[in-house]
Amino acid sequence: MRQLAERVLEGAGRRSVTINLAESPLGWLRARGLIDGRQFEAGERLRGDYEMAALGPRVTMRWEARVDGGGGDGLDPATAQIAAKRRFDAAVEEVGPGLNDVLWRVVCACEGLPATEKALGWPVRAGRVVLTLALDRLARHYGLR
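Reading the values: the criteria
Residues numbered from 1 in each chain as written. Predicted model: local features only at pLDDT ≥ 70, side-chain atom pairs only at ≥ 80, totals over all residues. Heavy atoms only, no water. Phe/Tyr/Trp six-rings, centres within 6.5 Å; stacked < 30°, edge-to-face > 60°. Helix = DSSP H or I, 4+ residues; strand = E, 2+ residues; numbered from the N terminus. Salt bridge = Lys/Arg side-chain N within 4 Å of Asp/Glu carboxyl O. Buried < 20%, exposed > 50% of the residue type's maximum accessible area, 1.4 Å probe, protein only. Arc of directions from axis to C-beta. Contact = heavy atoms within 4.5 Å. Expected span 1.5 Å × (residues − 1). Axes fitted to C-alpha atoms, helices over the stretch in contact; angles between N-to-C directions. Parallel < 35°, antiparallel > 145°, perpendicular 65-115°, else oblique. Nonpolar A, V, L, I, M, F, W, Y, C, P; charged D, E, K, R; others polar. Core = buried A, V, L, I, M, F, W, Y, C linked by side-chain atoms within 4.5 Å.

**Q** What is the right way to read the packing of aromatic side chains from this model?
**A** Two numbers describe a pair of aromatic rings. These are the distance of the centres and the angle of the planes. Enumeration over the complete set of coordinates arrives at two aromatic pairs. The interplanar angle of 50° and the centroid separation of 5.6 Å between the aromatic rings of Tyr 50 and Phe 88 together place this pair among those described as tilted. Placement of the pair is Tyr 50 in helix H2 (residues 37-52) and Phe 88 in helix H3 (residues 77-95), with a sequence separation of 38 residues. Judged by centre distance (6.5 Å) and plane angle (75°), the rings of Tyr 50 and Trp 104 are edge-to-face. Of the two residues, Tyr 50 sits in helix H2 while Trp 104 sits in helix H4 (residues 100-108), which places them 54 residues apart along the sequence.

Shown next as structure tokens:
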């Protein structure tokens, strides 16, 4: 079942895109009321920095490089990538050990909670409790209320 929502992308152009909320584990949890809007926004910010910093594995050529020099935020692509990496590292460090592993697996790697629990050797349904704690710390780091 597709659950679509409009999302406004920050930046000079302030564009909106339609996203499928069920495509990520975080969106799935939000759509079912298992995490709140503040936690979802914090996770999306972290995932945005993770993707902007290009920390994930690449299997193809990078097509997102722009010839005109960037996205209108005043930063060239390399500087924007470095800034995103610093924001990501600061956020993960603020969340702390023991919580940042589940946060990275679910939010950044888009791994489902059952797979995360199994990989970390946790009991069933323990992952959501730990994830909500991690998302609360992350939201506090970002100053979300």
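**Q** Could you clarify how one ought to interpret the pattern of salt bridges in this entry?
**A** Any two side chains of opposite charge can pair, given that their charged atoms come close. Inspection of every chain in the model, using the stated rule, returns six salt bridges. The shortest N-O distance in the salt bridge between Glu 41 and Arg 45 comes to 3.4 Å. With a gap of four residues between them, Glu 41 and Arg 45 both fall in helix H2, about one helical turn apart. Measuring nitrogen to oxygen at the nearest pair gives 3.1 Å for the salt bridge that ties Arg 105 to Glu 111. Using a relative accessible area of 21% as the deciding quantity, one classes Glu 111 as partly exposed.

**Q** Help me out: how do you make sense of helix H5 (residues 113-120) in this one?
**A** Note: α-helices contain 3.6 residues per turn, so residues at a spacing of three or four share the same orientation. Buried within H5 we find Leu 113, Thr 116 and Glu 117. Looking straight down H5, one finds that the buried residues subtend no more than 100° of arc, so they occupy a single side. Across H5 from its buried face, at more than 90 degrees, point the exposed residues Pro 114 and Lys 118. In this fold, the buried residues of H5 make contact with helix H1 (25-31), H4 and helix H6 (126-142).

**Q** Whenever I open this one, H6 confuses me. Can you help?
**A** An ideal rise of 1.5 Å per residue puts 24 Å on 17 residues; H6 measures up with 25 Å between its terminal C-alpha atoms. Buried within H6 are the following residues: Gly 127, Val 130, Leu 131, Thr 132, Ala 134, Leu 135, Leu 138, Ala 139 and Tyr 142. If you follow the buried residues of H6, they end up packed against H1, H2, H3, H4 and H5.

**Q** Is there a simple way to think about the environment of Phe 88 in this case?
**A** Using a relative accessible area of 9% as the deciding quantity, one classes Phe 88 as buried. Taking the C-alpha atoms as reference points, Phe 88 and Leu 46, 42 residues apart in sequence, are found 6.3 Å from one another.

**Q** Can you walk me through the packing of H4 against H6 in this structure?
**A** Look at H4 against H6: their axes get within 9 Å of each other, and the N-to-C directions meet at 90°. Put simply, H4 runs roughly perpendicular to H6. Between H4 and H6, the residues in contact are Val 102, Leu 103, Val 106 and Val 107 and Gly 127, Val 130, Leu 131, Ala 134, Leu 135 and Leu 138, respectively. Tallied by class, the residues present in the contact of H4 with H6 amount to nine nonpolar, one polar and no charged.

**Q** Teacher, can you tell me more about the nonpolar core here?
**A** One recurring pattern in soluble globular proteins: nonpolar side chains tend to sit buried together. Counting residues in each nonpolar core, the largest one holds 26 residues, and the members touching the most others are Leu 46, Leu 103, Val 107, Leu 131, Leu 135, Leu 138 and Tyr 142. For this core, the secondary structure elements donating two or more residues are H1, H2, H3, H4 and H6. Filtering out sequence-adjacent residues up to four positions away, Leu 135 remains in contact with Leu 26, Ile 35, Gln 39, Ala 42, Gly 43, Leu 103 and Val 107.

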